[in-house]
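Listed below, chain by chain, are the residues.
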Amino acid sequence: MVFEGDSAVVIDALQHGMGELTSYGNVLHDIRVQASAFQFFAFNLVSRLCNSVVDALAKIASSVVRLQVWL
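Residues numbered from 1 in each chain as written. Predicted model: local features only at pLDDT ≥ 70, side-chain atom pairs only at ≥ 80, totals over all residues. Heavy atoms only, no water.

**Description of the packing of aromatic side chains**
Argument step 1. Counting across every chain of the model gives three aromatic pairs.
Argument step 2. Connected via pairs of aromatic rings, a cluster forms that spans F3, F38, F41 and F43. (Phe/Tyr/Trp six-rings, centres within 6.5 Å; stacked < 30°, edge-to-face > 60°.)

**Side note on the nonpolar core**
Argument step 1. Core analysis: the biggest nonpolar cluster contains six residues, these being I11, A13, L14, L28, A35 and F43.
Argument step 2. Those elements giving two or more residues to this core turn out to be α1 (8–16) and α2 (25–35).
Argument step 3. Per element, the largest residue contribution to this core is three residues, and it comes from α1.
Argument step 4. Apart from the residues within four sequence positions on either side, L28 is in contact with V10, A13, L14, M18, G19 and T22. (Core = buried A, V, L, I, M, F, W, Y, C linked by side-chain atoms within 4.5 Å. Buried < 20%, exposed > 50% of the residue type's maximum accessible area, 1.4 Å probe, protein only. Helix = DSSP H or I, 4+ residues; strand = E, 2+ residues; numbered from the N terminus. Contact = heavy atoms within 4.5 Å.)

Set out below in structure tokens:
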């Protein structure tokens, strides 16, 4: 399984087992737990330009105040 992201800081922390004491350390922990369910997994950095749809959805989601369900 290959996990991709456009944040060099996050991907670097995941690849090197760091970041537990950061504000997003709990998210890193959750990603590592999910990844460990696979026999092989890797974390790859991708260009934000190539990841534009996910980046746009994340920006929209961060501004949502109440629960929304997207279909």
